[in-house]
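Remarks on the overall topology
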Amino acid sequence: MAFNFSELNDVQQKAVKTTEGPVLILAGAGSGKTRTLTYRIAYLIDEKKVKPSNILAVTFTNKAANEMKERVEKLIEANIQPLWIGTFHSVCARILRREADALGYERNFSIYDVDDQTQALKKVMSSLNISRQLYTPKMLQNRLSRMKNKYLYPQNYLEAEGDEEMREILPDIYNYYQRVLKESNALDFDDLLIKPIELFNRKPEILKKYADKFKYVLIDEYQDINHAQYLFVKKLAEEHKNICVVGDEDQSIYGWRGADITNILNFNQDFPDAEIFKLEENYRSHNNILQAANSVVKNNEDRMGKQLWTQLEAGSKIIVYENDDEMSEAKKVVETIHDEMYTKKRSFNDIAILYRTNVQSRVIEDELRRNAITYNVVGGIKFYDRKEIKDLLAYLRVIVNPADTVSLKRIVNFPLRGIGETTVNRIEKFAEEDEISLFDAMGRVDEIQKISAAMGNRVIEFYNLITQFIKLKDKLDPTELASSLASEAGLINHYKTEYDQYEAESRVANIQELINSIGEFIERADETNIEANLASFLEEVSLLTDVDQWNDRANAVTLMTLHAAKGLEFPVVYITGLEMGLIPLQRNSADLKELEEERRLLYVGMTRAEQNLYLSYTNRRRRQGAFKHTTPSLFLDEIPVEYLDVRSKDTSQYKPRKNRKNARRKKIEDYFENGSSQDDADQMYKVGQPVYHETFGKGEIINLEGNGDKMKITVHFEDEDLVKKLIKKYANLSPVES
DNA sequence: CAGCTGTATCTTTTT
DNA sequence: GATACAGCTG
């Protein structure tokens, strides 16, 4: 045996060796779950002589997948390329590429992200004459996504989520949207999960093929899978039942995108006789940190309950900082980084700064830059979200899949070629009448009466450019293709001339970086058994997670959301913004499930820390331009003082020693009250009430519609004799004595 | 058709 | 406070 079992504790060993039948591993934070999974795969291959091609492992990020793969290869000194390991989305995409025919798609299908979906929905809305006043494409995108994550179709959706207005239009939108995507030979993120299930249902022989292939299935982060993912897993494993899932109900933080915690709670009902292993020894965090985190999460009702313990020393207490506002919070972060570096000899990459929302990073980034501290932001504005990158990617997508209408529309008049919206609409109409793709219609633009010869020439010129590159696609190396496309389509020139020098340089450099990354991908693909072509490059780029884009080896402080931090660990963790409204985040509707998820989110954040944990809150914070008073998070009241070193002012509103239980209860009440539509200030919103508005001056409320934050308030402003309809949430009206 | 300007809308977390 | 979009003008 090439690997050493002494690195595993008793429970871990049993979990590794129980290879046959369903296995549920409940793995607390820092309990060596990744190690257990890694050993299990190694054990299957090395000891049980299972072929790597018969194993499917699903992880939460591609980064985790790659690391796990490398570790297994090291353990058993073997090449395990035929093993399938990746995220749900990438595994599903891989199956769909192979089986595209059976679904009536072509193998080179495009993958639509939220942006592309929104574009497609705009078209759907205008075709179906759906009011833009009442619904935004974004809203509908949300609805469709939620529906798909639950594996619901319009007909059963109606029963599940009655919503009077949506009831009418949603089925049409759904069907039309799917048609548009099909015509574009495109699938959206959610389709990637749904289509394999449809396929398995419709073609049992295809299901059998994959069920036979994946004799052993392993799923990580099982607490965060949604219903569609659950069905996918269940179908694959139903027959052989060699399924091993690992998860922790206390770390379920994706309920908002359809993750269903009951999947893990009910695993042994789905797979009776499942062996259950509990990993409760924590190897990561000093005891103070662990106990503090435990004392927070134990307030949740929705859990199976387990008690994490550690042999590690108590360590330092958790330092809690009070700050005046987010600027001083950022300064405190920098101070702490300096302190950790000088007194404990830490380096930048030992330290992570976590926050609830991406916007919070800005202020911290500014302060880090002023102090010459190198940092990396995970997520936020991503490399692949930059305009210049999306532009070139859209060109490449059209070359690979000319039916991709959303991408085609993006590039047809960019850089400007004098082909405006009207012209595109005319071509589109022609395409619909003749039932051909938009791209093919461009090739036949001379047949469209309403388009002049001069305009037709511009279209043909564009059409020829693309056609030329489609022909080159299989002859030219992908890197060269992208490079010459970037210049011949005029992208490089556009960016060189259109912006100021600094901007121009960075945009051109980014394009160059994208081209380089194609080269790197092709090299890598040759080594692994991925197809070394543009289509698979585009797929990889589409399915990249935020964490995948993070260079953890760079010597830099890491900034990210609490969500992104899942699965990671750092010697020093600093969590900012522990205030009511932020952690837990205030929504316009509050329920207990959401509060519990917020609590788990903090739990995840705290348990990332190995040695030192800092928590901080501010007394006021700028949100939407204006300062707002804030109260320390109710979760702070849940941590016993013995684990804390509170550095607050004497005047602080946060007095850990006094009446913490009452303070906490009050905050919970407020959380639920403010969440519902009625708050104290609502009393001022009545017809006839004189009000003041920053820009419009004095006025009087003349009408009210709806309620809650979205209440529409019609005001007559005296000074300019204006009547304005305002939305309560953004109006910032204040009452005036009459 | 292109570019400008004022206005509406909006801030959760992500594959 | 930022951005996306509609609407207007050249």
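Only a predicted model underlies this, so the values are computations on that prediction, with no experimental measurement involved. Throughout, a residue's number is its position along its own chain's written sequence, starting from 1. The naming scheme follows written order: chains are lettered A onward, ligands numbered 1 onward. Note on the predicted model: pLDDT of at least 70 is required for a residue's local features to be given, and 80 or more for side-chain atom pairs to be given and counted; whole-chain, interface and lining totals, by contrast, use all residues. Excluded from the side-chain calculations are hydrogens and water; all other atoms, namely the structure's heavy atoms, are used.

What follows deals with the packing of helix α17 (residues 387-400) against helix α24 (residues 501-527). Where helices are involved, their axes are fitted lines through C-alpha atoms of the stretch in contact, as for all axes, and angles between N-to-C directions lie from 0 to 180°. Comment: elements are numbered from the N terminus, with helices defined as DSSP H or I runs of at least four residues and strands as E runs of at least two. Between α17 and α24, the least distance of the axes is 9 Å, while the angle of their chain directions is 45°. In terms of orientation, α17 and α24 fall into the oblique class. Both α17 and α24 take part in a crossing whose hand is right-handed. Residues Lys387, Glu388, Ile389, Leu392, Leu393 and Leu396 of α17 pack against Arg507, Asn510, Ile511, Leu514, Ile515 and Ile518 of α24. For this classification, under 35 degrees means roughly parallel, over 145 means roughly antiparallel, 65 to 115 means roughly perpendicular, and everything else is oblique. By definition, any crossing whose near helix is turned counterclockwise from its far helix by less than a right angle is left-handed, and any crossing with a clockwise turn is right-handed. Contact criterion: two residues are considered in contact whenever any of their non-hydrogen atoms come within 4.5 Å of each other.

Attention now goes to a negative patch on the surface. Note on patches: the residues involved have over 30% relative accessible area and no salt bridge, like charges join within 9 Å, and the nonpolar side chains Val, Leu, Ile, Met, Phe, Trp and Tyr join within 5 Å. Only the protein chains shown count as cover for residues, and the accessible areas themselves come from Shrake-Rupley with a 1.4 Å probe. By definition here, a salt bridge exists when the distance from a side-chain nitrogen of Lys or Arg to a carboxyl oxygen of Asp or Glu is within 4 Å. Under this rule, positive means Lys or Arg and negative means Asp or Glu; His and the chain ends count for nothing. Charge placement uses NZ in Lys and CZ in Arg. For Asp and Glu, CG and CD serve respectively. A cluster of like negative charges, contributed by Glu513, Glu520, Glu523, Asp526 and Glu527, occupies part of the molecular surface. The exposed category is assigned to Glu520, whose relative accessible area is 52%. Burial classes: relative accessible area under 20% of the type maximum marks a residue as buried, over 50% as exposed, and values in between as partly exposed (1.4 Å probe, protein chains only).

Among the six residues in strand β9 (residues 318-323), six count as buried, and that is most of the element. What you see with β9 is no split at all: Ile318, Val320 and Glu322 on one side and Ile319, Tyr321 and Asn323 on the other are buried throughout. In this structure, β9 lies alongside strand β17 (residues 644-647), joined through four bridges in parallel fashion. Following the sheet pairing, Tyr321 is matched in β17 by Arg647. Strands are treated as partners if at least two bridges between them are detected by DSSP. Of the pairings in the sheet, the one linking β9 to strand β14 (residues 609-618) comprises five bridges and is parallel in character. Bridge pairing in β14 links Glu322 to Tyr617.

Glancing now at helix α6 (residues 137-149). Helix length check: α6, at 13 residues, gives a terminal C-alpha distance of 18 Å against a target of 18 Å (1.5 Å per residue), a fit within 8%. Pro137, Leu140, Gln141, Arg143, Leu144, Ser145, Met147, Lys148 and Asn149 are the residues of α6 that are buried. Tyr151 sits one or two residues past α6 and shows a positive phi near 50°. The span you would expect from a helix comes to 1.5 Å times its residue count less one.

Looking now at helix α4 (residues 88-103). Here α4 spans only 19 Å end to end across 16 residues, well under the 22 Å set by a 1.5 Å rise per residue. One fitted axis covers the seven residues ending at a residue, a second covers the seven starting there, and the bend at that residue is the angle between these axes. Of all the bends in α4, the greatest measures close to 55° and is centred on Arg97. Where α4 is concerned, the buried positions are Phe88, Ser90, Val91, Cys92, Ala93, Ile95, Leu96, Arg97, Glu99, Ala100 and Leu103. Gly104 sits one or two positions beyond α4 and adopts a positive phi of about 80°.

What pLDDT reports is the predictor's confidence in each residue, on a scale of 0 through 100. For chain A, the average pLDDT comes to 86, and 89% of its residues sit at 70 or higher. Segment residues 676-682: pLDDT under 50, and eight contacts once partners within four positions in sequence are set aside and those in other chains are kept.

Cis geometry is adopted by the peptide bond preceding Pro415, which originates at Phe414 and carries an omega value of -5°. Here the amide bond leading from Ile583 into Pro584 is cis, since omega sits at 5°, within 30 degrees of zero. Relative to the helices and strands, Pro584 is located in the loop between β13 (570-575) and α26 (592-606). Non-glycine residue Asn185 carries a positive phi angle of around 50°. Its place among the elements puts Asn185 in the loop between α8 (164-183) and β5 (186-188). With a phi close to 60°, Lys241 is a non-glycine residue in the positive phi region. Along the polypeptide, Lys241 turns up in the loop between α11 (227-237) and β7 (243-247).

On to the sheet that holds strand β3 (residues 84-86), then. Taken in spatial order, the six strands of this open sheet run β3-β2-β6-β7-β1-β8, and their pairing is parallel. Looking at the sheet topology across the chains shown, the edges are occupied by β3 and β8 (275-279). For this sheet, the mean angle separating the axes of adjacent strands, direction not counted, is 10°. As defined by bridge partners, strand β1 (residues 23-27) adjoins β8 across five bridges and the pair is classed as parallel. Residue pairing for β8: Val23 is matched across the bridge by Glu275. Sheet contacts for helix α1 (residues 10-17): β1 and β8; angle to β8, the most-contacted strand, approximately 145°.

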